[in-house]
Amino acid sequence: MIKKTILITLLLSPCIAHAQNNPVKCLAYIVFSEARGEPLPGQLAVAYASLNRAKRSNLHVCKIHGVTRKAPSKALKPFFYNLAKLSLHSHSTIGTADSWNVSIIPHDRGKKIKTIGKHVFYIMSKL
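Draft legend 1. Region of the structure containing the overall build of the protein chain. Along its length, the protein chain carries four helices and three strands. Helices (α) and strands (β) of the protein chain occur, in sequence order from the N terminus, as α-α-α-α-β-β-β. Relative to its 127 residues, the protein chain shows a buried fraction of 42%. The contacts in the protein chain between residues at least 6 apart in sequence include a share of 65% that link residues at least 24 apart. Of the roughly 7,400 Å² that the protein chain leaves accessible, carbon and sulfur atoms contribute 60%.

Draft legend 2. Structural context of the state of the cysteines. Counted under the stated rule, the structure contains one disulfide. Covalently, C26 is tied to C62 through a disulfide, its sulfur atoms 1.8 Å apart. Here the disulfide of C26 and C62 is right-handed, its torsion about the S-S bond being about 100 degrees. Placement of the pair is C26 in helix α2 (residues 23–35) and C62 in the loop between α3 (40–57) and α4 (77–88), with a sequence separation of 36 residues.

Draft legend 3. Fine view of the pairing of strand β3 (residues 119–124). Among the six residues in β3, five count as buried, and that is most of the element. Where strand β2 (residues 110–116) and β3 come together, six bridges link them in antiparallel fashion. Note that in β3 the partner of G110 across the bridge is M124. The turn linking β2 back onto β3 is made up of two residues, and G117 within it adopts a positive phi angle of 60 degrees.

Draft legend 4. View of the pattern of salt bridges. For the structure on display, the rule yields one salt bridge. Of the charged contacts in the structure, one is a salt bridge between D98 and R56, with a shortest N-O distance of 2.5 Å. Of this pair, D98 sits in the loop between α4 and β1 (99–101) while R56 sits in helix α3, and the two are 42 residues apart along the sequence. Note on R56: relative accessible area 39%, which makes it partly exposed.

Draft legend 5. Seen up close, the confidence of the model for the protein chain. The pLDDT averaged across the protein chain works out to 82; a share of 76% of its residues lies at or above 70. Counting contacts from residues 15–19, a segment whose pLDDT is below 50, to residues more than four positions away or on other chains yields eleven contacts.

Draft legend 6. Structural view of the side chain of S33. Assignment of secondary structure puts S33 in helix α2. A polar atom in the side chain of S33 sits 2.4 Å from the backbone nitrogen of K70. S33 has contacts with T68, R69 and K70, leaving out every residue within four places of it along the chain.

Draft legend 7. Representation of the packing of α2 against α3 within the structure. Between α2 and α3, the least distance of the axes is 9 Å, while the angle of their chain directions is 125 degrees. With respect to α3, the element α2 is oriented oblique. Considering only the axes of α2 and α3, their crossing is right-handed. Contact residues: L27, I30, V31, E34 and A35 in α2; G42, Q43, V46, A47, S50 and L51 in α3.

Definitions and limits used
- Residues numbered from 1 in each chain as written.
- Predicted model: local features only at pLDDT ≥ 70, side-chain atom pairs only at ≥ 80, totals over all residues.
- Heavy atoms only, no water.
- Helix = DSSP H or I, 4+ residues; strand = E, 2+ residues; numbered from the N terminus.
- Buried < 20%, exposed > 50% of the residue type's maximum accessible area, 1.4 Å probe, protein only.
- Contact = heavy atoms within 4.5 Å.
- Areas by Shrake-Rupley, 256 points an atom, 1.4 Å probe, with all protein chains shown as cover.
- Disulfide = S-S within 2.5 Å.
- Pairing = 2+ DSSP bridges.
- Salt bridge = Lys/Arg side-chain N within 4 Å of Asp/Glu carboxyl O.
- pLDDT = per-residue confidence, 0-100.
- Polar contact = N/O pair within 3.5 Å; in protein donor to acceptor, adjacent residues only side chain to side chain.
- Axes fitted to C-alpha atoms, helices over the stretch in contact; angles between N-to-C directions.
- Parallel < 35°, antiparallel > 145°, perpendicular 65-115°, else oblique.
- Left-handed = near helix turned anticlockwise from the far one by under 90°.

In structure tokens, the structure reads:
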């Protein structure tokens, strides 16, 4: 379970991420786009899966395929940028899962790892 102090830190810390290929900015946009309505553990899991996909694909997290990227509003930027920073410096809660789906059944080429909120996390046999 995510501690209340981590959540408060995510909400109140200033966010700084301006570089074009900044992994914090890229992860913040991905998590906002893909999981903004999920509970915090689900949002972190999407960030971890994105990092796993980048590592497995040998790509920078800003260059991974199959994700949407939308900028969070100014009011939500600190939260999502800090969530991205946390994911870069903490242990994954989904192992090596590199994909997710918002349905009950994972993609037919994937091995299901975990379900968090509406997201099913799995490892793809091919990316």
